[in-house]
Amino acid sequence: MSEANNNVRLVMDQLPGDDIQGRSPLHHADLATVAAQGSQEGGVTIQHHPLVGLLTLRCNAGDADQMAAASKLLGVELHCQPLTSSAGEGVAVRWMSPDEWLISVDGAKAFDLETAFHNDMPGHYALVNVGGGLTVLEVSGEHAVDVMMKTAPVDFHLNTFPVGKVVSTVFAKSSATIRRLADDRFELVIRRSFADYLWLWLQDASREYGLVVRT
Amino acid sequence: MLHIFCPHCAEYREEEEFHAKGQAHIPRPLDPEALSDKEWGEYLYFRKNPRGIHHELWVHAAGCRKFFNMTRDTVTYEIHETYKIGEKPTVTAQS
Ligand SMILES: [Zn+2]
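As a convention, each chain's residues are numbered from 1 in the sequence order in which they are written. In the order they appear in the text, chains get letters beginning with A and ligands get numbers beginning with 1. Residue-level local features of this predicted model are given only where pLDDT is at least 70; pairs of side-chain atoms are given and counted only at 80 or more, and the full residue set underlies all totals for whole chains, interfaces and linings. Heavy atoms from the whole structure form the basis of all side-chain values; hydrogens and water molecules are not counted.

Focus: the overall build of chain A
Put simply, the rule is: Helix and strand assignments follow DSSP, with helices taken as H or I runs no shorter than four residues and strands as E runs no shorter than two, numbered in order from the N terminus. Radius of gyration here is computed from C-alpha atoms only, and the compact-globule reference equals 2.2 Å multiplied by the residue count raised to the power 0.38. Note that accessible areas follow from Shrake-Rupley with a 1.4 Å probe, and for residues the cover is restricted to the protein chains shown. As used throughout, the charge tally considers Lys and Arg to be positive and Asp and Glu to be negative, leaving His and the chain termini uncounted. To locate a charge, take atom NZ for lysine, CZ for arginine, CG for aspartate or CD for glutamate.
In terms of regular secondary structure, chain A is built from six helices and eleven strands. Taking 215 residues into account, the globule formula puts the C-alpha radius of gyration at 17 Å, and chain A, at 18 Å, falls close to it. Dimensions of chain A along its principal axes, counting C-alpha atoms only, are 60 × 45 × 30 Å. Accessible area for chain A stands at about 10,900 Å²; split by element, carbon and sulfur atoms hold 49% of it. When the 16 basic and 26 acidic side-chain charges of chain A are each reduced to a single mean position, those positions are 4 Å apart.

Focus: the overall build of chain B
The cut-off we apply is this: Summary of the burial criterion: residues with accessible area below 20% of their type's maximum are buried, those above 50% are exposed, and those between are partly exposed, where the area comes from a 1.4 Å probe applied to protein chains only. Whether two residues are in contact is decided by their heavy atoms, any of which lying within 4.5 Å being enough.
Counting its secondary structure elements, chain B contains one helix and six strands. A principal-axis box enclosing the C-alpha atoms of chain B has dimensions of 45 × 30 × 20 Å. In chain B, which comprises 95 residues, the share counted as buried stands at 37%. For chain B, the share of sequence-separated contacts (at least 6 apart) that also reach a separation of at least 24 residues comes to 47%. A total of about 6,300 Å² of accessible surface is found on chain B, and carbon and sulfur atoms cover 52% of it. Across chain B, 12 positive and 15 negative side-chain charges occur, with their mean positions spaced 2 Å apart.

Quick word on the coordination of the zinc ion
Residue and element names in this part refer to chain B. Where we set the bar: The rule for donors is simple: an N, O or S atom within 2.8 Å of the metal counts, and for Na, K and Ca the reach is 3.2 Å. Water is not among the atoms, so a site may look short of donors. Tetrahedral means four donors with every angle between 85 and 135 degrees, whereas square planar (four donors) and octahedral (six donors) require angles over 155 degrees between opposite donors and between 65 and 115 for all others; sites fitting neither are termed irregular.
For the zinc ion, the protein coordination sphere consists of Cys 6 (SG), Cys 9 (SG), His 60 (ND1) and Cys 64 (SG), at 2.0 to 2.4 Å. Viewed at the metal, the four donor atoms of the zinc ion are separated by angles of 105 to 117°, and the geometry they form is tetrahedral. Sequence spacing of the donors to the zinc ion: C-x2-C-x50-H-x3-C. With a gap of 55 residues between them, Cys 9 in the loop between β1 (3-6) and β2 (11-14) and Cys 64 in the loop between β4 (53-59) and β5 (67-73) connect regions that are remote in the sequence.

A short note on helix α3 (residues 64-74) of chain A
Of the residues making up α3 of chain A, those classed as buried are Gln 66, Met 67, Ala 69, Ala 70, Ser 71, Leu 73 and Leu 74 of chain A. Check the buried side of α3 of chain A and you find it contacts β2 (53-58), β4 (91-97), β5 (100-105) and α4 (110-120) of chain A.

Considering the sheet that holds β5 of chain A
Residues and elements named next belong to chain A. This is how it is decided: When DSSP locates at least two bridges between a pair of strands, those strands are taken to pair. The axes are straight lines fitted to the C-alpha atoms, using for helices just the contacting stretch, and the angles between their N-to-C directions are given from 0 to 180°.
Spatially, the five strands line up as an open sheet ordered β3-β4-β5-β2-β6, and their pairing is antiparallel. Each edge of the open sheet carries a strand with a single partner, namely β3 (85-88) and β6 (126-129). Within the sheet, the average angular offset between the axes of one strand and its neighbour, ignoring direction, is 20°. Of the strand pairs in this sheet, β2 and β5 are connected by six bridges, and their pairing is antiparallel. By the bridge assignment, Leu 54 is partnered in β5 with Ser 104.

A look at α4 of chain A
Side chains of residues three or four places apart in an α-helix project in the same direction, reflecting 3.6 residues per turn. Within α4 of chain A, the full set of buried residues consists of Ala 110, Leu 113, Glu 114, Thr 115 and Phe 117 of chain A. In this structure, the buried side of α4 of chain A is in contact with β2, α3, β5 and β6 of chain A.

Here we look at the pattern of salt bridges
Two side chains with opposite charge may pair up if their charged atoms get near one another. Note the following rule: A pair is scored as a salt bridge if a Lys or Arg side-chain nitrogen falls within 4 Å of a carboxyl oxygen belonging to Asp or Glu.
All chains considered together, the criterion is met by 14 salt bridges over all chains. Salt-bridge contacts for Lys 150 of chain A lead to Glu 208 of chain A; the nearest nitrogen and oxygen are separated by 2.7 Å. Of this pair, Lys 150 of chain A sits in helix α5 (residues 144-151) while Glu 208 of chain A is found in the loop between α6 (195-206) and β11 (211-214), placing the two residues 58 residues apart along the sequence. Look at Lys 150 of chain A and you get partly exposed, because its relative accessible area is 38%. For Glu 208 of chain A, a relative accessible area of 59% translates into the label exposed. Taken together, the salt bridges that share partners define one network made up of Arg 58, Asp 99 and Glu 100 of chain A together with Arg 65 and Lys 66 of chain B.

Topic: the sheet that holds β4 of chain B
The strands making up a sheet are joined through hydrogen bonds of the backbone, oriented either antiparallel or parallel. All names here are of chain B. Reading across from one edge, β3-β4-β5-β6 is the order of the four strands in this open sheet, with antiparallel pairing throughout. Strands at the two margins of the open sheet, each flanked by one partner only, are β3 (19-23) and β6 (79-84). On average, each strand axis in the sheet is inclined to that of its neighbour by 30°, with strand direction left out of account. Pairing of β4 with β5 involves seven bridges; the strand directions are antiparallel. Along β5, the bridge assignment pairs Leu 57 with Asn 69.

Structural data, given as structure tokens:
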């Protein structure tokens, strides 16, 4: 067997074939119907982004070659600065810890990225598809900050939590990786098994401001 | 509620994001086979319980998930410093 074939075999495509339909952990909630029948105006908007491609990258932040290669493969800068993120066309990278980043891409592109890393990333590293264990929610609107403040014990003031900052923290009784997308927009990467619980929590916490569900 | 500075995230976070992991700076014996049962037992099970300055191991469980050390006063609960694994504390019971 050629070396190229060996390389490809080491990376596994986690998407099922066309005959099997992928289902988000909130499939049962039928959010399309909730969005259509629910309120169209309110202080908080919640949106679910199903089946996003999520990958955990672990490598050596002190290795300039590795950092440069990873940045090139991702198309955005891989930052060593704690609690930062970088985003580009169809890709976002979140600092998770001094040697760990969480990458999001289109669900169908995760395997391509893994393969590209396998071919071109130098040194000792790990890139693992964690999309099956996580899912993505977005909380936005005039009162989005109020909902976040109820739910997580971090300071959401713009001075300490500027746009682009990433924080992993306790969220309700679960956990979340929170990224500020705009003054009034937050992205939550949460555990798949807690998706239903957190959805209900956010629904309840948003009620007093008026909740809009968007798909 | 303690307000703890994570040396990896480089900011203060609430105590509920962390777990305490007991006494810090316990080196694993280089040659365990050479130890007596008493010495091995003391390494495994016996910990200091000082009144005052204590060096502790903590983990930022809900955050960056990294371990770090803390110098804390067990009487006042004051946290004097947090520092990365491999670094030496600047505040000690002697100083
Ligand atoms: Zn931390």
